[in-house]
Protein chains: 2
Amino acid sequence: MSNENQLKKNGCSPSHQGCVSMVPIFNHLDEVQMEEIMQTVQSYSFKKGELIYRAGDTSNVLTIVNKGSLRIYRLSESGKEQLVRVLKPGAFTGELALFNETVHENYAEAMEETSVCQITRESLEKLLIKYPSISLKILQALSTRVDESEHQATQFSTESTEQRLASYLVDLLGEGNESMIVTLPMTKKDLASYIGTTPETVSRKLKELEDMKLIKRISSSRIKILDEDNLLFL
Amino acid sequence: MSNENQLKKNGCSPSHQGCVSMVPIFNHLDEVQMEEIMQTVQSYSFKKGELIYRAGDTSNVLTIVNKGSLRIYRLSESGKEQLVRVLKPGAFTGELALFNETVHENYAEAMEETSVCQITRESLEKLLIKYPSISLKILQALSTRVDESEHQATQFSTESTEQRLASYLVDLLGEGNESMIVTLPMTKKDLASYIGTTPETVSRKLKELEDMKLIKRISSSRIKILDEDNLLFL
DNA sequence: GACATTTCTTGATTTGTATCAATTTAGTCG
DNA sequence: CGACTAAATTGATACAAATCAAGAAATGTC
């Protein structure tokens, strides 16, 4: 942990109950088993802007988001920052350093007041042996992440900024959102970093999409999707 | 399997011995255990250009490369192809469709005469329960893949084509290659697709790097690295 | 609620890279 | 081996998006 002075450990708070019962990698187990896992899990909270870990740190814990959100980002060789993904409750990070006994390659930063649970390598390995279904859940999660990340890489290398922005908005919309209104979960600066462009270009492209009557900006962070099909068809 | 007529199944050939004893996810086990796994594994071979699977296919097997190489690529929404990675002996693919019981999102094509081993979901799940260390190996491999893919996405979004090409060449060089000569493992067309550019630009950038005395082209597919440090420092 | 600070937007300009077109080179096969 | 096909190179041009700069809006703070 890179900033021990800043975190609050609350070993027995009820908050990490949720942590176990809520996350996909554990919540398929029964009550007794989850109770057992709770004993092995530590809960911490971070204030906005605090780092859970940074690139280069060694670590032997898996970090699971309980409440709030984490910003996972990388720095390129030339020092530019790229937002890799945003972790919402139930998602985990730190698997690279954990499973490969190596250092972190990315940064995890609290985007708001955020509480996380951490489980050590030893505890997790014991659990994986005792409950192989947990392995399967983590394998599912990781293979999905590989897919998402490769999808993103493909978009970066083959699609225009406009297309990437448009499909990001449609992704945000998700299934069966009647209102057709999406709320941007991050600043435009982070959004730009996430889709691999600059804030200026995001601003301009949003205006273009609005001019084309594909979207309508409701407020600075709320956007109404007017024409989902043509957004994907750019 | 998308082209059953084209593949040759050779159930009892010695080739899939190697398949098990060679791959990182199994070769830490002892002889008897590997023998057991060999019983559950099927071996197939593919000719150059044949597809092992395509996007949209359902599948319940994990495919492990035994000999030869596979080209894993994706098509973007707009139909452009992007080379995601090249699988060499010991590497595996198909985990998304396997673990998530969903369809493939990418294509796997033999780059040359290639033999693979396949293991079904049922067999693998039994093995994972019996030998949890296999889970750990797969978790290691997948978390490394997530890291590599996110690294690539970050490069796409933050680095210039020239920098991406240069760091690709340095990556190819690897550790302790005395000769400082790398051999491109794919056509320039595939290389262009892999680093997210066009063949024309690859050609031009290689010339620029040569003009800068950072590399020297020996033959069409062999390149001598003259100045590793400055290649990374572009 | 007014001030300060960051974020966002808009404009003018530059630049990197894609695209199109034409050779040249390399690879393949009868 | 020469003919054919695909791959690679080179040049000219077009264009998307980054950069630089400045003002507007939003957000946070005392």
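As shown above, the structure is provided for reference.
This write-up is about the structure you can find in this document. None of the values given here were measured: they were computed from a predicted structure.

Attention shifts here to the pairing of strand β4 (residues 61–67) of chain A. Residue and element names in this part refer to chain A. Judged by how many residues are buried, β4 sits mostly within the fold: six of seven residues are covered. Sheet topology places β4 next to strand β9 (residues 114–120); six bridges connect them, and they run antiparallel. Counterpart to Lys-67 in the pairing with β9 is Ser-115. Pairing analysis gives two bridges linking β4 to strand β7 (residues 92–93), with the strands arranged antiparallel. Residue pairing in the sheet places Ile-64 in a bridge with Phe-92 of β7.

What follows deals with the packing of helix α7 (residues 188–195) of chain B against helix α8 (residues 199–211) of chain B. Residues and elements named next belong to chain B. Viewed as axis vectors pointing N to C, α7 and α8 meet at an angle of 95°, and their least axial separation amounts to 8 Å. Relative to α8, the element α7 is oriented roughly perpendicular. Residues Lys-188, Lys-189, Leu-191, Ala-192 and Ile-195 of α7 lie in contact with α8, whose contacting residues are Pro-199, Val-202 and Leu-206. Residue classes in the contact of α7 with α8 are distributed as six nonpolar, no polar and two charged.

The next thing to look at is the sheet that holds strand β8 (residues 107–110) of chain A. Spatial ordering of the open sheet is given by β3-β8-β5-β6 (chain A), a layout of four strands whose pairing is antiparallel. The open sheet has two free edges, formed respectively by β3 (51–53) and β6 (81–87) of chain A, since each of these has just one partner strand. The mean angle between the axes of side-by-side strands here comes to 30°, regardless of whether they run parallel or antiparallel. Against the sheet, helix α7 (residues 188–195) of chain A touches β5 (70–75) and β6 of chain A, its axis set at about 100° to β6 of chain A. Along the sheet, helix α5 (residues 132–158) of chain B contacts β5 and β6 of chain A; its crossing angle with β6 of chain A, the most-contacted strand, is approximately 135°.

Our next topic: helix α8 (residues 199–211) of chain A. Residue and element names in this part refer to chain A. Taking 1.5 Å of rise per residue, 13 residues should cover 18 Å, and α8 covers 18 Å from first to last C-alpha, within 8% of that figure. Burial in α8 covers these residues: Val-202, Lys-205, Leu-206, Leu-209 and Glu-210. Projection of α8 onto a plane perpendicular to its axis shows the buried side chains occupying an angular sector of 140°, all on one side. In α8, those exposed residues whose orientation departs by more than 90 degrees from the buried face are Arg-204 and Asp-211. For α8, the secondary structure elements touched by its buried residues are α6 (161–173), α7, β11 (215–217), β12 (222–225) and α9 (228–232).

With that settled, the discussion passes to the relation of the copies chain B and chain A. You can overlay chain B on chain A at an RMSD of 0.1 Å; the transform is a turn of 180° with a shift of 0.0 Å along its axis. Such a turn and shift between the copies fits a two-fold axis.

Definitions and cut-offs
Residues numbered from 1 in each chain as written. Chains lettered and ligands numbered in written order. Predicted model: local features only at pLDDT ≥ 70, side-chain atom pairs only at ≥ 80, totals over all residues. Heavy atoms only, no water. Buried < 20%, exposed > 50% of the residue type's maximum accessible area, 1.4 Å probe, protein only. Helix = DSSP H or I, 4+ residues; strand = E, 2+ residues; numbered from the N terminus. Pairing = 2+ DSSP bridges. Axes fitted to C-alpha atoms, helices over the stretch in contact; angles between N-to-C directions. Parallel < 35°, antiparallel > 145°, perpendicular 65-115°, else oblique. Contact = heavy atoms within 4.5 Å. Nonpolar A, V, L, I, M, F, W, Y, C, P; charged D, E, K, R; others polar. Expected span 1.5 Å × (residues − 1). Arc of directions from axis to C-beta. Least-squares fit on C-alpha atoms with pLDDT ≥ 70 in both.

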